[in-house]
Amino acid sequence: MVDLPPIKAGPYALVAAILECPSAEVTDETTIKTHPKWDSFAHLDIMMALSERFGVEINEDSVTRYAAMSEIVALHTANAHKP
């Protein structure tokens, strides 16, 4: 797994680090279907990072839900003010 940026760097930096691409390539419209580096292996790394940082349980529902950047941003926003 890639060294992840600090949580304050935000969800775009997190996903960009995992995908090993510039942050500018990761937008609200980015999904597993639209980014060439977001394959099943990268998705597992993203899910592990979400589990580690936000306590997301890795199951069929979460794997499907967090295959879109918009959902990852919503998760980050919802957890931004929690200790």
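Values in this document were obtained by computation on a predicted structure and should not be read as measured data. (Residues numbered from 1 in each chain as written. Predicted model: local features only at pLDDT ≥ 70, side-chain atom pairs only at ≥ 80, totals over all residues. Heavy atoms only, no water.)

**Re the pattern of salt bridges**
Filter applied, for reference: The salt bridge criterion pairs a side-chain nitrogen of Lys or Arg with a carboxyl oxygen of Asp or Glu, the two atoms within 4 Å. Only protein chains enter the area calculation, which uses a 1.4 Å probe; residues under 20% of their type maximum are buried, those over 50% are exposed, and those in between are partly exposed.
A complete count under the given rule lists one salt bridge for this structure. Two residues, Glu71 and Arg65, come together in a salt bridge whose shortest N-O distance is 3.0 Å. According to the relative accessible area criterion, Glu71 is partly exposed, its value standing at 27%. By relative accessible area, which is 48% here, Arg65 ends up partly exposed.

**Brief notes about helix H4 (residues 69-79)**
In an α-helix, one turn spans 3.6 residues; hence positions three or four apart end up facing the same way. For clarity, the cut-off: Numbered from the N terminus, helices here are DSSP runs of H or I no shorter than four residues, and strands are runs of E no shorter than two. Directions drawn from the helix axis to the C-beta atoms are what define this arc. Contacts are assigned to residue pairs with any non-hydrogen atoms lying within 4.5 Å of each other.
Listed as buried for H4 are Met69, Ile72, Val73, Leu75, His76 and Asn79. Buried residues of H4, seen end-on, are gathered within an arc of 160° and therefore sit on one face of the element. Residues of H4 that are buried in the fold lie against helix H1 (11-19) and helix H2 (40-54).

**Notes on the nonpolar core**
Inside soluble globular proteins, nonpolar side chains tend to come together where they are buried. Spelled out, the test is: Throughout this description, the term nonpolar core refers to a set of buried Ala, Val, Leu, Ile, Met, Phe, Trp, Tyr and Cys residues connected via side-chain atoms within 4.5 Å.
Judged by nonpolar contacts, the single largest core of 20 residues is most densely connected at Leu19, Ile46, Leu50 and Ile72. For this core, the secondary-structure elements that each account for two or more residues are H1, H2 and H4. In this structure Ile72 touches Pro11, Val15, Trp38, Ile46, Leu50 and Tyr66, once residues within four positions along its chain are discounted.

**Observations concerning the side chain of His35**
Convention followed: Identification of polar contacts relies on pairs of N or O atoms within 3.5 Å, with a donor-acceptor requirement for protein atoms, meaning one able to donate a hydrogen and the other able to accept it, and with residues adjacent in sequence counted only if both atoms are side-chain atoms.
For His35, the position within the fold is in the loop between H1 and H2. Polar contacts involving the side chain of His35 include one to the main-chain amide nitrogen of Lys37, which spans 3.1 Å. Once residues lying within four places of it in the same chain are set aside, the contact partners of His35 are Leu19, Cys21, Glu25 and Thr30.

**Describing the environment of Tyr12**
If you trace the backbone, Tyr12 turns up in helix H1. When the C-alpha positions of Tyr12 and Met69 are compared, they lie 8.0 Å apart, and in sequence the two are 57 residues distant.

**What to know about H1**
Counted residue by residue, H1 has eight buried out of nine residues, so it is predominantly covered. Within H1, burial applies to Pro11, Ala13, Leu14, Val15, Ala16, Ala17, Ile18 and Leu19. Where H1 is buried, its residues meet H2 and H4. Once H1 ends, the next one or two residues include Glu20, with phi positive near 55°.

**Let's talk about the side chain of Thr30**
Along the chain, Thr30 turns up in the loop between H1 and H2. Using a relative accessible area of 4% as the deciding quantity, one classes Thr30 as buried. In this structure the side chain of Thr30 is engaged in a polar contact, spanning 2.8 Å, whose partner is the backbone nitrogen of Thr27. Other than its neighbours up to four places away in sequence, Thr30 contacts Glu25, His35, Trp38, Ala68 and Met69.

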